[in-house]
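Geometric and topological summary
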Amino acid sequence: MTGKPEIERVDCTDCFAMPGPDNTRIAHLKTGGGMSETWHTPDCPALAIMKITMEEGGRRIREQEAWARGVFPSAHARLKEAAAGLPPGSAAQPFVDALTELVQAQADATGFLILPHWVEILERHFPPQLPDLERTLP
């Protein structure tokens, strides 16, 4: 074994480009391992569509992110206000406290809140039930 991943070449059905310095290589990692690659000429319609689709997707993501950043503070404030209005000690209190802390942690994060942080918060509000040694059967 040479250590290089196996690369499957997939021909573009629009331009049938071959590897070359003027052509564009699109490579994908395959789920089971290895890679696939497709080469395109500069004027390939499939490549143009792919670029437009990626640019449009990026634009939509940026718009959604801007919208969410604008709306999040007021939604977060409404959550805190609703949580403060609940009577203390109610059955919903652990759920409200956990949700409030999770939303605050997300507000403080610069990206997605990572799973270990979620688990830490949930474990604090919903600790695992330890066995009752008085009621455990031998």
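Because the structure is a prediction, the values reported are computed rather than measured.

1. Side note on the overall build of the protein
From N to C terminus, the protein includes 3 helices and 3 strands. Ordered by position from N to C terminus, the α and β elements of the protein give β-β-β-α-α-α. Against the 2.2 N^0.38 benchmark of 14 Å for 138 residues, the protein shows a C-alpha radius of gyration of 26 Å, more extended than a compact globule. The dimensions of the protein, computed from C-alpha atoms along their principal axes, are 70 × 50 × 20 Å. Evaluated residue by residue, the protein yields a buried proportion of 18% over its 138 residues. Put simply, of all contacts in the protein between residues at least 6 apart along the chain, 43% involve residues at least 24 apart. Within the structure as shown, the protein displays about 11000 Å² of accessible surface, and the carbon and sulfur contribution to it stands at 63%. With 13 positive and 19 negative side-chain charges, the protein shows a separation of 3 Å between the mean positions of the two kinds.

2. Here's the deal with the packing of aromatic side chains
Enumeration over the complete set of coordinates arrives at 1 aromatic pair. Here F95 and F126 contribute two aromatic rings whose centre-to-centre distance is 5.0 Å and whose plane-to-plane angle is 50°, an arrangement assigned as tilted. With a gap of 31 residues between them, F95 in helix 2 (residues 93–108) and F126 in the segment after helix 3 (115–125) connect regions that are remote in the sequence.

3. Side note on helix 2
An ideal rise of 1.5 Å per residue puts 22 Å on 16 residues; helix 2 measures up with 22 Å between its terminal C-alpha atoms. Burial in helix 2 covers these residues: Q93, V96, A98, T100, L102, V103 and A105. Contact partners of the buried residues in helix 2: helix 1 (45–84) and helix 3.

4. Details of a nonpolar patch on the surface
On the surface, a cluster of nonpolar side chains totalling about 580 Å² of accessible area is made up of F95, L115, W118, V119, L122 and F126. The biggest single contributor to the nonpolar patch is helix 3, with 4 residues. Taking relative accessible area as the criterion, F126 reaches 33% and is therefore assigned partly exposed.

5. Remarks on the nonpolar core
Membership of the largest hydrophobic core is limited to 7 residues, which are C12, C15, A17, I26, W39, C44 and L47. When sequence neighbours within four positions are dropped, the list of residues in contact with A17 reads R9, N23, W39, H40 and T41.

6. So, the environment of H125
Looking at where H125 falls in the secondary structure, it is placed in helix 3. Distance from H125 to P94, taken between C-alpha atoms, is 5.8 Å for residues 31 residues apart in sequence. When neighbours within four sequence positions are excluded, H125 is seen to be in contact with P94, D97, A98 and E101. At 2.6 Å, the side chain of H125 forms a polar contact with the side chain of E101.

7. Looking at the confidence of the model for the protein
Confidence in the prediction for the protein averages 89 pLDDT; 93% of positions are at 70 or higher. Taken element by element, the predicted model of the protein shows its lowest mean pLDDT in strand 1 (residues 7–9) (90) and its highest in strand 3 (residues 35–40) (95).

8. Looking at the packing of helix 1 against helix 2
Where helix 1 contacts helix 2, the axes come no closer than 10 Å and their chain directions differ by 155°. Judged on the interaxial angle alone, helix 2 and helix 1 are roughly antiparallel. Note that helix 1 runs across helix 2; the crossing there is left-handed. Across the interface between the two elements, F72, H76, L79, K80 and A83 of helix 1 pack against V96, L99, T100, V103, Q104 and A107 of helix 2. Across the contact of helix 1 with helix 2, the residue classes break down as 7 nonpolar, 3 polar and 1 charged.

Reading the values: rules and limits
- Residues numbered from 1 in each chain as written.
- Predicted model: local features only at pLDDT ≥ 70, side-chain atom pairs only at ≥ 80, totals over all residues.
- Heavy atoms only, no water.
- Helix = DSSP H or I, 4+ residues; strand = E, 2+ residues; numbered from the N terminus.
- Rg over C-alpha atoms; globule rule 2.2 N^0.38 Å.
- Buried < 20%, exposed > 50% of the residue type's maximum accessible area, 1.4 Å probe, protein only.
- Contact = heavy atoms within 4.5 Å.
- Areas by Shrake-Rupley, 256 points an atom, 1.4 Å probe, with all protein chains shown as cover.
- Lys, Arg positive; Asp, Glu negative; His and termini not counted.
- Charge placed at Lys NZ, Arg CZ, Asp CG, Glu CD.
- Phe/Tyr/Trp six-rings, centres within 6.5 Å; stacked < 30°, edge-to-face > 60°.
- Expected span 1.5 Å × (residues − 1).
- Patch = residues over 30% accessible without salt bridge, like charges linked within 9 Å, V, L, I, M, F, W, Y side chains within 5 Å.
- Salt bridge = Lys/Arg side-chain N within 4 Å of Asp/Glu carboxyl O.
- Core = buried A, V, L, I, M, F, W, Y, C linked by side-chain atoms within 4.5 Å.
- Polar contact = N/O pair within 3.5 Å; in protein donor to acceptor, adjacent residues only side chain to side chain.
- pLDDT = per-residue confidence, 0-100.
- Axes fitted to C-alpha atoms, helices over the stretch in contact; angles between N-to-C directions.
- Parallel < 35°, antiparallel > 145°, perpendicular 65-115°, else oblique.
- Left-handed = near helix turned anticlockwise from the far one by under 90°.
- Nonpolar A, V, L, I, M, F, W, Y, C, P; charged D, E, K, R; others polar.

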